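Residues per chain, in single letters:
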Amino acid sequence: MICDTLNIKPGALTIIGSGGKTSLLLTLANELSCKGRVIVMTTTKMYLPTEMPIVFSSDVAELSDALAKNNVICVGAHTVQSKLCQPDIPISVLKDMCDYLLVEGDGSKRLPLKAHAYYEPVIPPENDRTLLVAGALGIGGTIENNVHRPELFCSLCDALISDEATPERIARVINHEALSNEVIINQCDNAELRAGAERLAQRLRATVYIACLKEGLLCSF
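Residues numbered from 1 in each chain as written. Predicted model: local features only at pLDDT ≥ 70, side-chain atom pairs only at ≥ 80, totals over all residues. Heavy atoms only, no water.

### Quick look at the side chain of N175
Next up, step 1: Within the secondary structure, N175 is located in helix α7 (residues 167-177).
Next up, step 2: The buried category is assigned to N175, whose relative accessible area is 14%.
Next up, step 3: One polar contact links the side chain of N175 to the main-chain amide nitrogen of R205, over a distance of 3.0 Å. (Helix = DSSP H or I, 4+ residues; strand = E, 2+ residues; numbered from the N terminus. Buried < 20%, exposed > 50% of the residue type's maximum accessible area, 1.4 Å probe, protein only. Polar contact = N/O pair within 3.5 Å; in protein donor to acceptor, adjacent residues only side chain to side chain.)

Take a look at the structure:
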């Protein structure tokens, strides 16, 4: 299982980046539900998951009852865009209620790559570990079409918005931001994408995993 390859321990785990955050979050939630109680949440905004019950209440008794009936639940508050945002209940309380607290810590507008604004990611003080995801589908495409916050990305790697998102430029941004010492390069659906991912992995100052999460595949680089 992916959770075993990543050696996921009880506690709070925040997933950030682009190109598969939600896929990783949901995969881990499903796998870890066999090992203990799991709460899924976001510190920003996320689409409503259909794979698990969603609890909008901030009442501890209601949350406890939901966890007694389902080993994995999503907790949050409504937004005007029909998305989920950070729950009203303190994160420290949620962490104490479950074995695994899985947090989505930023957004990427469903693009494979991103640069982080000064207020991102939103990682709770209670966090124990952070995983950064990047999408191989963006490697070789233009920065303009494949990167969330492309102007910021360009400023960090000295490029133009019309330039190619090369492994060198992507690595330069990730290394500069230094948001996590663990990077998962996802979307390695074929040999060409995997080759691009490996070129990126060679340039990262982090522990790197190569993945195709939609196929349930992840391995150390």
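### Quick word on the sheet that holds strand β13 (residues 207-212)
Next up, step 1: Strand order in the open sheet made by the nine strands is β4-β5-β2-β8-β1-β10-β12-β13-β14, with mixed pairing throughout. This sheet does not close on itself; its edge strands, each paired only once, are β4 (54-55) and β14 (217-220).
Next up, step 2: Alignment of strand β2 (residues 38-42) against strand β8 (residues 100-104), held across five bridges, turns out to be parallel. Note that in β8 the partner of V40 across the bridge is L102. (Pairing = 2+ DSSP bridges.)

### Section: the pairing of strand β1 (residues 11-17)
Next up, step 1: Taking burial as the measure, the seven residues of β1 include seven buried ones, the bulk of the element.
Next up, step 2: Here five bridges tie β1 to β8, and the two strands are oriented parallel to one another. Its bridge partner lying in β8, G11 is registered against Y100.
Next up, step 3: As paired elements, β1 and strand β10 (residues 129-135) share five bridges and run parallel to each other. Counted as the bridge partner of G17 is V133 from β10.

### Observations concerning the nonpolar core
Next up, step 1: By size, the foremost hydrophobic cluster in this structure holds 29 residues, and its most contacted members are F153, I170, I185 and L204.
Next up, step 2: Of all the secondary-structure elements, those providing two or more residues to this core are β10, α6 (150-157), α7, β12 (182-186), α8 (191-201) and β13.
Next up, step 3: When residues no more than four places from it in sequence are discounted, the contact partners of F153 are K114, A115, I143, V147, R169, I170 and V173.
Next up, step 4: Residues L6, I184, A211 and L213 belong to the second largest nonpolar core, which totals 28 residues. (Core = buried A, V, L, I, M, F, W, Y, C linked by side-chain atoms within 4.5 Å. Contact = heavy atoms within 4.5 Å.)

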